Amino acid sequence: MKFAYRFSNLLGAVYRHGNLSFSKDGNSVISPVGNRISVFDLKNNKSETLPVSTAKNITCVGLSPDGNLAILVDEDGAALLVSLITRAVLHHFHFHKPVASIRFSPDGRKFVVTKENVALMYHAPGRNREFNAFVLDKSYYGPYDETTCIDWTDDSKCFVVGSKDMSTWVFGAERWSNLIYYSLGGHKDIMVGCFFEKDSLDLYTVSQDGTLCVWESDTELDGLVLRKTKLPAERGEEEEEGGEGEGEEPRGEVIRGKGEGPKEKEGTKNVRYKQRSKHFFNKEGDFNNLTAAAFHKPTHILVTGFASGIFHLHELPEFNLIHSLSISDQRIATVSMNSSGDWIGFGCSGLGQLLVWEWQSESYVFKQQGHFNNMAALAYSPDGQYIATGGDDGKVKVWNTTSGLCFVTFTEHTSSVTNVTFTSRGFVIVSASLDGTVRAFDLHRYRNFRTFTSPRPAQFSSLAVDPSGDLVSAGAQDSFEVFIWSMQTGRLLEVLGGHEGPVSCLCFSPVQSILASASWDKTVRLWDMMDSWQTKETLRLTSDGLAVSYRPDGQELAVATLDGEISFWNPQSANQTGSVSGRHDLEMGRKETDKITAKQSAKGKSFTSLCYSADGESILAGGQSKFVCIYNIREQILMKKFEISCNLSLDAMEEFLDRRKMTEFGSLALVDEGVGDGDGVELSLPGVRKGDMSSRHFKPEIRVSSLRFSPTGRSWAATSTEGLLTYSLDGALVFDPYDLDLDVTPVSVRRQLHQAEWAAAIVLAFRLNETALTQEVLEAVPHHQIAVVCGSLPDVYVEKLLGFIASALERCGHLQFYLSWAQSLLTQHGQKLKTRSGAILPTIQSLQKSIQRHFEDLSKLCDWNMYTIRYALALSKQRGVKRTAGDALCDEGVSEDSEVMSEASLEEETDMLM
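All residue numbers here refer to positions counted from 1 along the written sequence of the relevant chain. Side-chain atom pairs in this predicted model are given and counted only at pLDDT of 80 or more, local residue features only at pLDDT of at least 70, and totals for whole chains, interfaces and linings cover all residues. Side-chain numbers come from the whole structure's heavy atoms, not from hydrogens or water.

### Focus on the overall build of the protein chain
Rules: The helix and strand labels rest on DSSP assignments: H or I over at least four residues marks a helix, E over at least two residues marks a strand, and numbering proceeds from the N terminus. Only protein chains enter the accessibility calculation, which uses a 1.4 Å probe. A residue is then buried if its area is under 20% of the maximum for its type, exposed if over 50%, and partly exposed in between. The criterion used for residue contact is that any of the two residues' heavy atoms lie within 4.5 Å. Computed with the Shrake-Rupley method and a 1.4 Å probe, the accessible areas treat only the protein chains shown as cover for residues.
The number of helices and strands found in the protein chain is 11 helices and 59 strands. By residue count, 52% of the 914 residues in the protein chain fall in the buried class. For the protein chain, restricting intrachain contacts to residue pairs at least 6 apart in sequence, the fraction spanning at least 24 positions comes to 50%. If you sum the accessible surface of the protein chain, you get close to 43100 Å²; carbon and sulfur atoms cover 49% of it.

As structure tokens, then:
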């Protein structure tokens, strides 16, 4: 068992907070999810989470015009420069204060960052290697309050900044004689967006109260005059800001805006603005707060989002309403448009919702929503292609592991979902909930076809389905009973009593009809389903049982208890075979409000979820901690610890107390930060209340609620506070030699190929175990020689070749060629492989997953082609029937036999195409 697992993807959450950005080609949307970035490919319907993360939640993302670089800024102002090509971090920087927005200039040479009431212009990193990628050029002071939004002119000569003080400031990016700064008013609320017209200095400004102002400039962009000399009076003095770097950082040129405009020089006339028109979005009073805005300059389309979930499309400058729609009842946090102006991206932080809307056809291009509360459980399908998750929001979602997207959501439950599982055939999902029901969902028709209930109301906290898929069991946490139903009839078969505490976990044996139930009464009971539902054995534990899991071969049982131990039992003899003390491996972090140290707090923590690896040699364990531990069962030692998250925006992440938050009156963490914020409670005047009084800001606690290994053995998943995290085998570890000696080299492998010694070349390639070389050897074998080569392969290399074919099918297009290899191997070595079925089961399941995915893709394509050809055939027949009488007289010489022949030939060509 190799432990070269690395973070692969983040599912279950598509958007949290921050601004959305489209890629340069407009086919992908980049969404911040917590402290990570996810890229959703809208053309290929796939998602990818970049393997980079910030220290805290990301608040704004700046994308370079060429689409190669991105700047990620978190809540504290720490920034990462990330390459979207190599997925690597290029530079770390800290702005030392929260950043409101960041925007690259259209030419890509500079970018502006707004923090507090200042706009900082930096030189953008270039292609040359630089000691400091971010070099400050100028600092612009003008607004009296925090800045909110930025926009650049198309030629990168000027930029505009909006502020919370209801003012808008236009600054020159260069030293223009007639435009140093210009201040615009006219609004009565916080600025949400400010946009330049295409190739012009004309402006559109949008405020939170739903007001749009159109500003007209008396100067074109070509009319800006470059100043040759820099006057000392116009240059501000350099000032020190608290915490601006370790030492004193050069502040660059400082430009300060004042109440009155700059004085005009002789021979030059300063740029001036006048308000051309003013428009209001909330004339009817239906919309209260305008929360997000985006403007597409080539098409003159303005998109505005409101707190009520409604968005508007207007054509400017005439302010013509194109259409108005509602996407939800939650606040729209961000709006973005792609480069062509066809697609509009919306993000709703309240629901964790991400939508991409095509406004011309009025249809959804992309619509995803994660669990907006905690995820409680997950389950892999038998082929490892799908993952089902259940959350505290009462929803059951099914995710495709290949694309990372959710394709169906079941909302029948009315309370938290506590457990989900697949049946052995993989077409039915069963879920248990605190609403007192266990429901079965059909993945063919996407419906709830069975609902299991108990004679008296009970809250189900655990669930298990037997290997045949006929028996469904659920444990109650209030009545201490286990209920058994029949999947076929939906009737309650038996109620198993005997536990003296809540039933915490259930698990069926993979090879026998035996149910293991763990309870808080410090026992694990083994129930025989074939012998009158009687208790076969009772295992006595040292503490309360929290989780139980069978090994894939059914010969071992693992139990996690409240004292932090994992004990291993032989279910046949009811003897304990070993134990692992994992209390010190959890390393629970210290909460901000804790009065004791993290070391003392960890003594009361334990594992709450267990899962065996696909080969049964190791076990995964997780609980109320940011770590997932993997143990070797035979040696009973810790093999590796995976850190689920490094996001300090979550609670219980830091081991030591932050003294900076301690005051003489106590910890600052006890102060409610919601008061006065836009998302929280605002009490502006006595007797006036605005916002939800129950709304508060809080830091969710990091924890792992469920763990599952993929049946293919190539990945495992964990539901955590951040979302559904998947870890896969590290493909970068290419060189893993097997039976290697000095004669095994790439030259000798190719020599065997040249001599047509196919089997010997394959053996040598597998000894080197380089993926590219093995693929080269396999694809050099002639198709008619595959059966002969498979028959002459040594038995030890058959399983290796099967595993390679399973992984190659996932990424390669030579379907028939590799399927011929798989068919020959299974046909000629099937009996020998059957004797080792337990060991090679992950390989077979991985092969099945790859074949199933290609089968689904090809079947959809074939169905589409078949319907298209049938339509063309029916259309040709219809045209033949509708021929006019004149055409019929002209065609008298043509016999009926030729018509029949032509029609038959058309049908024959159709059959060949299909």
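### Topic: empty space enclosed by the protein
Under the convention used in this document: Each cavity reported here is a set of points on a 1 Å grid over the protein atoms alone in which a 1.4 Å probe fits but cannot get out, each pocket an open set with protein on both sides within 12 Å along at least five of seven lines, and each lining residue one with an atom within 4 Å of a point. Grid points are joined across faces, edges and corners, and a volume is the space filled by probe spheres set on the points. Side-chain classes are defined by residue name, with Ala, Val, Leu, Ile, Met, Phe, Trp, Tyr, Cys and Pro counting as nonpolar, Asp, Glu, Lys and Arg as charged, and the others, Gly among them, as polar.
Evaluation of the coordinates by the stated rule reveals four cavities of 30 Å³ or more. Contributing to the lining of the second largest cavity are 11 residues, with Glu-174, Arg-175, Ile-180, Arg-227 and Ile-255 lying nearest its centre. Split into classes, the residues belonging to the lining of the second largest cavity amount to four nonpolar, one polar and six charged.

### Re the nonpolar core
What counts, and what does not: Among buried residues, those of type Ala, Val, Leu, Ile, Met, Phe, Trp, Tyr and Cys that are joined through side-chain atoms within 4.5 Å constitute a nonpolar core.
By size, the foremost hydrophobic cluster in this structure holds 39 residues, and its most contacted members are Ile-762, Leu-801, Ile-805, Tyr-818, Trp-821 and Leu-825. Within the residue set of this core, elements represented by two or more residues are α3 (746-754), α4 (758-768), α5 (771-780), α6 (786-792), α7 (795-811), α8 (815-835) and α9 (837-881). Those residues in contact with Tyr-818 that lie beyond four places of it in its chain are Gln-775, Leu-778, Glu-779, Ile-805, Ala-808, Leu-809 and Cys-812. If you look at the next biggest cluster of nonpolar residues, it comprises 22 residues, including Phe-93, Phe-95, Tyr-122 and Ala-133.

### Comments concerning the sheet that holds strand β7 (residues 69-74)
Which entries qualify depends on this criterion: The criterion for strand pairing is that DSSP finds at least two bridges linking the strands in question. Each axis is a line fitted through C-alpha atoms, and for a helix only the stretch in contact is used; angles between axes span 0 to 180 degrees, taken between their N-to-C directions.
If you trace the four strands from one edge of the open sheet to the other, you get β6-β7-β8-β9, paired in antiparallel fashion. This sheet does not close on itself; its edge strands, each paired only once, are β6 (58-63) and β9 (88-94). Recorded for the sheet is a direction-independent mean angle of 20° between the axes of neighbouring strands. Direction of pairing for strand β8 (residues 78-83) relative to β9: antiparallel, over a ladder of six bridges. Within β9, the position partnered with Leu-80 by the bridge is His-92.

### Topic: unusual backbone geometry
Note the cis peptide between Leu-316 and Pro-317, where omega equals 0°. Although it is not a glycine, Arg-87 sits at a positive phi angle of roughly 60°. Relative to the elements of secondary structure, Arg-87 occurs in the loop between β8 and β9. Given the relative accessible area of 25%, Arg-87 is considered partly exposed. Positive phi is not limited to glycine here, since Phe-480 has a value of about 60°. Structurally, the position occupied by Phe-480 is in the loop between β40 (471-476) and β41 (482-486).

### Focus on the confidence of the model for the protein chain
Regions with low pLDDT should not have their predicted coordinates read in detail. Test applied: Per residue, pLDDT captures the predictor's confidence, and it can take any value from 0 to 100.
Chain-level statistics for the protein chain give a pLDDT mean of 83 and a share of 83% at 70 or above. Across residues 687-691, where pLDDT falls below 50, the model places seven contacts with residues more than four positions away in sequence or in other chains.

### A word on the pairing of strand β30 (residues 363-369)
With six bridges connecting them, strand β29 (residues 353-358) and β30 associate as antiparallel partners. For Trp-357, the partnering residue across the bridge sits in β30 and is Tyr-364.

### Some remarks on the packing of aromatic side chains
Convention followed: Note on aromatic contacts: the rings of Phe and Tyr and the six-membered ring of Trp form a pair at centre separations within 6.5 Å, being stacked when their planes are under 30 degrees apart, edge-to-face when over 60 apart, and tilted otherwise. Charge-over-ring placement is defined geometrically: NZ (Lys) or CZ (Arg) within 6 Å of the ring centre, and within 35 degrees of the ring normal.
Scanning the entire structure with this criterion turns up 38 aromatic pairs. Where Phe-159 meets Phe-171, the ring centres are 5.7 Å apart and the plane angle is 35°; that geometry is what we call tilted. Residue Phe-159 is located in strand β15 (residues 158-163), and its partner Phe-171 is located in strand β16 (residues 168-172); the two are separated by 12 residues in the primary sequence. With a centroid separation of 6.4 Å and an interplanar angle of 65°, the aromatic rings of Phe-407 and Tyr-446 are classed as edge-to-face. With Phe-407 in strand β34 (residues 406-410) and Tyr-446 in the loop between β37 (437-442) and β38 (447-453), this pair connects stretches of sequence that are 39 residues apart. Assessed through its relative accessible area of 43%, Tyr-446 is described here as partly exposed. An aromatic cluster is defined as three or more aromatic residues linked by ring pairs; in this entry it consists of Phe-93, Phe-95, Phe-104, Phe-111, Tyr-122 and Phe-134. A cation over an aromatic ring shows up here: Arg-36 above the ring of Phe-7, its NZ or CZ 4.1 Å from the ring centre. A cation sits over an aromatic face here: Lys-640 above Phe-642, 5.5 Å from the ring centre.

### Digging into the sheet that holds strand β33 (residues 396-400)
Two modes of strand pairing occur in sheets, parallel and antiparallel, and in both the strands are linked by backbone hydrogen bonds. Read across the sheet, four strands follow the order β31-β32-β33-β34 without closing on themselves; strand pairing throughout is antiparallel. The sheet is open, and its two edges are formed by β31 (375-380) and β34, each paired on a single side. The sheet shows a mean angle of 20° between the axes of neighbouring strands, taken without regard to direction. The pairing of strand β32 (residues 386-391) with β33 spans five bridges and is antiparallel.

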